[in-house]
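Residue-level structural notes
Below are the chains, spelled out letter by letter.
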Amino acid sequence: MHGGLPHRLLLAGRYQPEVTVENTGSGALTGRSVDRDLAGATVTSLWNGTLTTAQGRATVRNSAFDGALSPGPRATSGFTAAGTAGTPSPHCVGT
């Protein structure tokens, strides 16, 4: 499994990271998560996932309806945030 984290800069002080995860393995995933440092930013909206924040990191997990990801397909989720984007260092996990 691997993921990318491109950013779109919105209005001053806002940005939108979008994560695309691809299952590059041979078996299906039953869940996935991506976390990244928020660098003091605040998440203002989210799509295609569930969000938790703790200790300055945002973790986006798959929604209950789209946890399974067979080999090959991709799943995309993202959020908008207020603050400075900083330098992302995402961490992807598949189960």
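Here is a short report on the structure shown in this document. The structure displayed is predicted, hence computed values, not measured ones.

Conventions and cut-offs
Residues numbered from 1 in each chain as written. Predicted model: local features only at pLDDT ≥ 70, side-chain atom pairs only at ≥ 80, totals over all residues. Heavy atoms only, no water. Helix = DSSP H or I, 4+ residues; strand = E, 2+ residues; numbered from the N terminus. Buried < 20%, exposed > 50% of the residue type's maximum accessible area, 1.4 Å probe, protein only. Salt bridge = Lys/Arg side-chain N within 4 Å of Asp/Glu carboxyl O. Pairing = 2+ DSSP bridges. Axes fitted to C-alpha atoms, helices over the stretch in contact; angles between N-to-C directions. Polar contact = N/O pair within 3.5 Å; in protein donor to acceptor, adjacent residues only side chain to side chain.

We now examine unusual backbone geometry. Outside of glycine, negative phi angles account for most residues, and trans bonds account for most peptide bonds. We note that Ala39 has phi near 50°; this positive angle belongs to a residue other than glycine. You can see Ala39 is positioned in the loop between β4 (32-37) and β5 (42-47). Overall, the relative accessible area of 44% leaves Ala39 in the partly exposed class. Despite not being glycine, Asn48 has its phi angle at roughly 55°, a positive value. Checked against the element boundaries, Asn48 lands in the loop between β5 and β6 (50-54).

Tallied over the entire structure, the rule returns three salt bridges. With a closest N to O distance of 3.5 Å, Glu22 and Arg74 form a salt bridge. Of the two residues, Glu22 sits in strand β3 (residues 14-22) while Arg74 sits in strand β8 (residues 74-82), which places them 52 residues apart along the sequence. Take Glu22: its relative accessible area is 17%, and that puts it in the buried class. Owing to a relative accessible area of 59%, Arg74 belongs among the exposed residues under this scheme.

We now examine the sheet that holds strand β9 (residues 91-94). A sheet is described by the order of its strands in space; here four strands give the open sequence β6-β7-β4-β9, paired in antiparallel fashion. What marks the edges here is a single partner per strand, and that holds for β6 and β9. Averaged over neighbouring strand pairs, the angle between their axes works out to 20° when direction is ignored. Looking at chain direction, β6 and strand β7 (residues 57-61) are connected through five bridges and run antiparallel.

Another point: the side chain of Asn23. Along the polypeptide, Asn23 turns up in the loop between β3 and β4. Given the relative accessible area of 3%, Asn23 is considered buried. Among the polar contacts made by the side chain of Asn23, one reaches the main-chain amide nitrogen of Gly25 at a distance of 2.9 Å. Of the polar contacts made by the side chain of Asn23, one reaches the backbone oxygen of Gly27; its length is 2.9 Å.

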